[in-house]
Amino acid sequence: MMNSKKSKEQWMQKTSVVWAGALLCCLLWGSAFPFVKIGYRLFEINSGDTASQILFAGLRFVLAGVLAVILGSISEKRILFPEKKAAKEIIWLSLLQTILQYFFFYMGLAHTSGVKSSIIEAVNVFVAVLVASLLFKQEKLTVKKMAGCLVGFAGVVLINLNGMNFHMSLNGEGAILLSTVAYAFSSVFLKKFSGKFHPVMLSGYQFILGGAVLALAGACLGGRIHTISLPAAGLLIYLALVSAVAYSLWGILLKYNPVSKVAVFGFMNPVFGVLLSALLLGETEQAAGILSLISLLLVCAGIYVVNMPEKGSKETVSE
């Protein structure tokens, strides 16, 4: 049993496994950008109807939680019940990852552009690395890690140069920044908590709790789902699967690897979002040209630098 656990830990720490798993998560999260827009169209939710958007997000996350628990139970060959002693951890994760992140995200998105939002969201990588290193002492903060983060962030800024301006507001860019900080803390907490509890169990039940709170808040604010069709239901299921699979897999990767090694892949989210928006929505202005190629190369270079092993040292991963 001990050998099996050790071999699983070693396998999950392989560079190829981390890259494949993290990139899959980012591809799924990146696809959420265009599919959420398509979802608003199918469910007849106006761009300014924040209450209905929060209701839509809440329903998506409740379904994501249910799917995560089902898939995790199948994988583990046992039902993943919410452990009573994990109640505090589930509440913390749902507050940070789902409730606060998406409340501030939708508030901010209503008062700023998607371009600026994606750049500010990328700041979560820096926050996660700093919090994991300086507050929780989960790993060492090195020049190499910060240099890799800066290179990757430069790639995110580059792909979003079109449409940039420097206007700032508290309820716009400020709210997006708070959303980003909440998400960064959730990644660090997920790593900390997954040392004691199954990460998929934590992911599933925090989504159910957080989604229920968002759905109730959206409904109380006057949000409504006006149309339910087969394509709309199918799209909602896909978005739920995106959250269930990506966040659960992200949690498993964080359990066995340093936060910086995994979090830096978050720079790929807006890159995938831009590329998939161009493919699915015809928004080709940002995705076309040499800037996109340079941006992708910078992001990949940043990820590579952070994941390079330190010379003469082997970084330990605490659980």
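The preceding data block contains the structure.
A. Summary view of the side chain of Ser203. Topologically, Ser203 is positioned in helix H9 (residues 199–220). A distance of 2.8 Å separates the side chain of Ser203 from the backbone oxygen of Pro199, its partner in a polar contact. Setting aside residues up to four positions removed in sequence, Ser203 forms contacts with Tyr247 and Ser248.

B. Focus on the packing of helix H3 (residues 50–76) against helix H10 (residues 230–256). Between H3 and H10, the shortest axis-to-axis distance is 8 Å and the interhelical angle comes to 55°. It follows from the interaxial angle that H3 and H10 lie oblique. Helix-helix and strand crossings are classified by hand; for H3 and H10 the assignment is right-handed. Of the residues in H10, those touching H3 at Phe56, Arg60, Phe61, Leu63, Ala64, Leu67, Ala68 and Leu71 are Leu236, Ile237, Leu239, Ala240, Leu241, Val242, Ser243, Ala244, Val245 and Ser248. For the contact of H3 with H10, a count of residues per class yields 15 nonpolar, two polar and one charged.

C. Here's a closer look at the nonpolar core. Counting residues in each nonpolar core, the largest one holds 81 residues, and the members touching the most others are Trp29, Met201, Leu202, Trp250, Phe265 and Phe267. The leading source of residues in this core is H10, at 13 residues. Once residues lying within four places of it in the same chain are set aside, the contact partners of Trp29 are Tyr183, Val242, Ala246, Tyr247, Trp250 and Asn269.

D. The pattern of salt bridges, seen in detail. Taken as a whole and assessed by the stated rule, the structure comprises two salt bridges. As a salt-bridge pair, Glu89 and Lys196 come within 3.1 Å of each other at their nearest N and O atoms. Of this pair, Glu89 sits in helix H4 (residues 87–109) while Lys196 sits in the loop between helix H8 (170–194) and H9, and the two are 107 residues apart along the sequence. A residue is classified by how much of its surface remains accessible, and Lys196, at 57% relative accessible area, is exposed.

Scoring rules and cut-offs
- Residues numbered from 1 in each chain as written.
- Predicted model: local features only at pLDDT ≥ 70, side-chain atom pairs only at ≥ 80, totals over all residues.
- Heavy atoms only, no water.
- Helix = DSSP H or I, 4+ residues; strand = E, 2+ residues; numbered from the N terminus.
- Polar contact = N/O pair within 3.5 Å; in protein donor to acceptor, adjacent residues only side chain to side chain.
- Contact = heavy atoms within 4.5 Å.
- Axes fitted to C-alpha atoms, helices over the stretch in contact; angles between N-to-C directions.
- Parallel < 35°, antiparallel > 145°, perpendicular 65-115°, else oblique.
- Left-handed = near helix turned anticlockwise from the far one by under 90°.
- Nonpolar A, V, L, I, M, F, W, Y, C, P; charged D, E, K, R; others polar.
- Core = buried A, V, L, I, M, F, W, Y, C linked by side-chain atoms within 4.5 Å.
- Buried < 20%, exposed > 50% of the residue type's maximum accessible area, 1.4 Å probe, protein only.
- Salt bridge = Lys/Arg side-chain N within 4 Å of Asp/Glu carboxyl O.

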